[in-house]
Amino acid sequence: MSSDFEMLILEVEDSRIATISINRPKQLNALNNQVFEELDSALDQIEKDESIRALIITGSGEKAFVAGADIKEFADFDKEQATKLSKRGHKVFQKIEDLSIPVLAAINGYALGGGFELALSCHFRVASKAAVLGLPEVSLGLIPGYGGTQRLTKLVGYSKALELIMSGRFVKAEEAFQLGLINSIAEGDISEASKKMLSGMIKQAPLALKNAILAVKEAGNDSGYEMEANLFGDLFNTADFKEGTSAFMEKRKPNFSGK
Ligand code: CAA
């Protein structure tokens, strides 16, 4: 796996959990063109590497997860450039959401604008006690452009999403938890808390996790139940299904191969 990146750090531990740290701490990890290019390429590498069972996305430094899209980079953009910027963000964040392994945002500080939208594209969010989340785009004369209008609405419903988007207000970790914006608040070290949450998942059958992601994504669509039945059925053809059921009957722990 290449770690040939300037604006992010990609690490993989023995435990098979990869971590991508957006690494522009002086700019509070704001997302510029290069960050997107490197993120796109890191996601491709992760997707191809079958030994990686989970991904954590976080921000370098003490202060921020990601403080948004790089305002200085797009300040002079016209409509066409801005639409393209938004669509590129959609594409990369969709790639995160579509990964077949669990993806967790470890929100270690400010998660604002595009940074919050990045966290929303992950399957799970764990925040430090000092984390601050928000979509302040309206204060710049904008709306969220990296999928926030869609994903936040799915997460908390129409009225709450509009309230957060139209006020642009900042939400601290405790309120974020009450609102359902995050799964948990890390008591101690956020990296440890994130790995602890993922460690229970990576013990499970990888193809079952993959199909769970695909099935849950269909929730609310007419095709959801049909999709669930097919994905459920597909798993009966896997070696891991045989292993899981055998292990249950033999009263031992399963040893999954991902096949
Ligand atoms: N873009 C570019 N640079 C940013 C940035 C951003 N989103 N956020 C912070 N920075 C830079 C600052 O300009 C500053 O750089 P300099 O030292 O060169 O001036 C450095 O990071 C440190 O920031 P501050 O001095 O502002 O730190 P602070 O502690 O006083 O404030 C903050 C922290 C409240 C997070 C503040 O930086 C802030 O409000 N940032 C912008 C947040 C924002 O509006 N995000 C939305 C961006 S638009 C977007 O994301 C659109 C979209 O949906 C696609």
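Bear in mind that the values here come from a model prediction, so they are computed numbers and not experimental data. (Residues numbered from 1 in each chain as written. Predicted model: local features only at pLDDT ≥ 70, side-chain atom pairs only at ≥ 80, totals over all residues. Heavy atoms only, no water.)

**Some thoughts on the environment of Glu117**
Applicable threshold: Segments assigned H or I by DSSP are reported as helices when at least four residues long, segments assigned E as strands when at least two residues long, and all are numbered from the N terminus. The contact criterion used is simple: two residues touch if any of their non-hydrogen atoms lie within 4.5 Å. Contacts described as polar in this section are N or O atom pairs within 3.5 Å, which, within protein, must combine one atom able to donate a hydrogen with one able to accept it, while residues neighboring in sequence count only if both atoms come from side chains.
Along the chain, the position of Glu117 falls in helix H4 (residues 114-121). For the pair Glu117 and Arg169, spaced 52 residues apart in the sequence, the C-alpha separation amounts to 15 Å. The contacts of Glu117, once residues within four sequence positions are left out, are Phe93, Leu135, Glu137, Pro144, Gly145, Tyr146, Gly147 and Gly148. A polar side-chain atom of Glu117 sits 3.3 Å from the main-chain amide nitrogen of Gly145.

**Overview of the environment of Leu85**
Examined against the element boundaries, Leu85 turns out to sit in helix H3 (residues 79-97). In this structure, the C-alpha to C-alpha distance between Leu85 and Ala69, residues 16 residues apart in sequence, is 9.7 Å. Discounting chain neighbours no more than four positions away, the residues touching Leu85 are Phe74, Phe77 and Tyr146.

**Concerning unusual backbone geometry**
For Asn29, which is not glycine, the phi torsion reads 60° and is therefore positive. Along the polypeptide, Asn29 turns up in the loop between strand E2 (17-22) and helix H1 (33-48).

**Quick notes on the pattern of salt bridges**
Rules: For this document, the term salt bridge refers to a Lys or Arg side-chain nitrogen within 4 Å of an Asp or Glu carboxyl oxygen. Between buried and exposed lies partly exposed: a residue is buried under 20% and exposed over 50% of the maximum accessible area for its type, with that area taken using a 1.4 Å probe on protein chains only.
Tallied over the full model, the rule gives 14 salt bridges. Where Glu97 meets Arg151, a salt bridge forms, and the shortest distance between an N and an O atom there is 2.4 Å. Of the two residues, Glu97 is situated in helix H3 and Arg151 in helix H5 (residues 148-156); the sequence distance between them amounts to 54 residues. Residue class for Glu97 comes out buried when judged on its relative accessible area of 17%. The class of Arg151 is buried, set by a relative accessible area of 14%. Residue Arg252 pairs with Glu250 through a salt bridge whose shortest N-O separation is 2.7 Å.

Note that every value here comes from positions in space, so none of it alone points to a role or purpose.
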